[in-house]
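# Structural description and commentary
Listed here are the chains, written in short residue letters.
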Amino acid sequence: MTVPITDAARPFGTVGTAMVTPFSADGERLDLDAAQAVAAHLVAHGNDTLVVNGTTGESPTTTDEEKLALVKAVREAVGSDVTLLAGVGSNDTRHSIELARAHGDLDLQGLLVVTPYYSRPSQEGIIAHTEQVADATDLPVLLYDIPSRSGVPLAHETLLRLAQNERILAVKDAKGDLQQAALITAQSDLVYYSGEDALNLAWLALGAAGIVSVVGHVAGDLEAQMAAAVNDGDLPAAQQINRRLAPVVQAIMSRMPGVVAAKTALVLQGVLPHAAVRGPLVPASAPQIAELTEALGGLEGIPPLV
């Protein structure tokens, strides 16, 4: 289900999933065939946007060569009508610039640039880093504000200054500051995407352009229906869908790392052959798998378990 709205209002689509990166069973190599199958599955089930090489794509443990190969494979699988973004951010400005440039000639609609993590830079450092990465190509940029991982939030004035860069169009927000977002959208042209599945409805109701989800791996159809209901002004319908999604959000986003849960769920739905991850991540435990099976098994409107 598509939502009729202008490209300027939703520069990176409406319902996006931060896609997992499938590996061989031993985790040693990419499984590009499996990646293409996952990408096609997501597009067939409600997603109009895919984001590869983000945190859920295990970007800290994939090489630059693997990142580029994944982008090419996913684009081949989903065709030209699907919005495709790639994560290029890191805590090394030079490396991020190089990676952005390496993506510049690929068939992408944008780059995801996370706040530099671990180093805890100043806001001036964040601005310098982000603008240098944004200026490395002509591709539009989706900022990723996730202080729980980066250690530093994007401050109000930082967002306003970054909004002045013609390539920086939107923010994927995973810090949940709805009031800041309301002010930023009133004072600039930046648009917001929910980066936290538990707050998807809240963000959509506030006027966010869309969502970039982990739960979208298994429930993209329902998320698309919820977004469409908000767009149509049918808040009760959106609330009903959100209540149905709540147990799945709980099971995927709070019981184990999201990528572990997403891969496990895709195995349960028969989309992936196994749920191999790279260290330091470890596979889901038997109790975690049981809880996830129960949450998915009780939800209508998603692909069935096998």
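Everything quoted here is computed from the prediction, not taken from an experiment.

## What about the environment of Gln187?
By secondary structure assignment, the location of Gln187 is in helix 7 (residues 178-187). With 27 residues separating them along the chain, Gln187 and Leu160 place their C-alpha atoms 7.6 Å apart. If near-sequence neighbours (up to four positions away) are discounted, Gln187 is found in contact with His156 and Leu160. A distance of 2.8 Å separates polar atoms of two side chains, one belonging to Gln187 and the other to His156.

## A look at the sheet that holds strand 2 (residues 49-52)
With parallel pairing, eight strands are arranged side by side around a closed barrel as 1-2-3-4-5-6-7-8. Each adjacent strand pair in this sheet contributes to an overall mean axis angle of 25°, direction not counted. Bridge count between strand 7 (residues 191-194) and strand 8 (residues 210-213): two bridges; the pairing is parallel. By the bridge assignment, Ser194 is partnered in strand 8 with Ile211.

## A closer look at the pairing of strand 6 (residues 168-173)
Of all six residues that make up strand 6, five are buried, and the element is covered over most of its length. Bridging between strand 5 (residues 141-145) and strand 6 involves five bridges; their strand directions are parallel. Within strand 6, the position partnered with Tyr144 by the bridge is Lys172. Alignment of strand 6 against strand 7, held across four bridges, turns out to be parallel. Among the inter-strand pairings, Lys172 is bridged to a residue of strand 7, identified as Tyr193. With helix 7 bridging strand 6 and its parallel neighbour strand 7, the resulting β-α-β unit is right-handed.

## Structural notes on the UniProt feature "binding site: pyruvate" (unreviewed entry) in the protein
UniProt annotation of "binding site: pyruvate" (unreviewed entry) refers to Thr56 and Val212 when read in the numbering used here. Spatially, the listed residues are clustered: although they cover 157 residues, their C-alpha atoms lie within 11.0 Å of one another. In the annotated group above, the largest pocket draws its lining from Thr56 and Val212. Inspection of the secondary structure puts Thr56 in the loop between strand 2 and helix 2 (64-78). Once residues within four sequence positions are removed from consideration, Thr56 is found in contact with Ala18, Met19, Val20, Thr21, Val214, His217 and Val259.

Cut-offs applied
- Residues numbered from 1 in each chain as written.
- Predicted model: local features only at pLDDT ≥ 70, side-chain atom pairs only at ≥ 80, totals over all residues.
- Heavy atoms only, no water.
- Helix = DSSP H or I, 4+ residues; strand = E, 2+ residues; numbered from the N terminus.
- Contact = heavy atoms within 4.5 Å.
- Polar contact = N/O pair within 3.5 Å; in protein donor to acceptor, adjacent residues only side chain to side chain.
- Pairing = 2+ DSSP bridges.
- Axes fitted to C-alpha atoms, helices over the stretch in contact; angles between N-to-C directions.
- Buried < 20%, exposed > 50% of the residue type's maximum accessible area, 1.4 Å probe, protein only.
- Right-handed = clockwise from strand over helix to strand, strands pointing away.
- UniProt positions renumbered as here; feature names shortened; annotations may be inferred.
- 1 Å grid on protein atoms, 1.4 Å probe; cavity = no way out; pocket = protein on both sides within 12 Å on 5 of 7 lines; lining within 4 Å.

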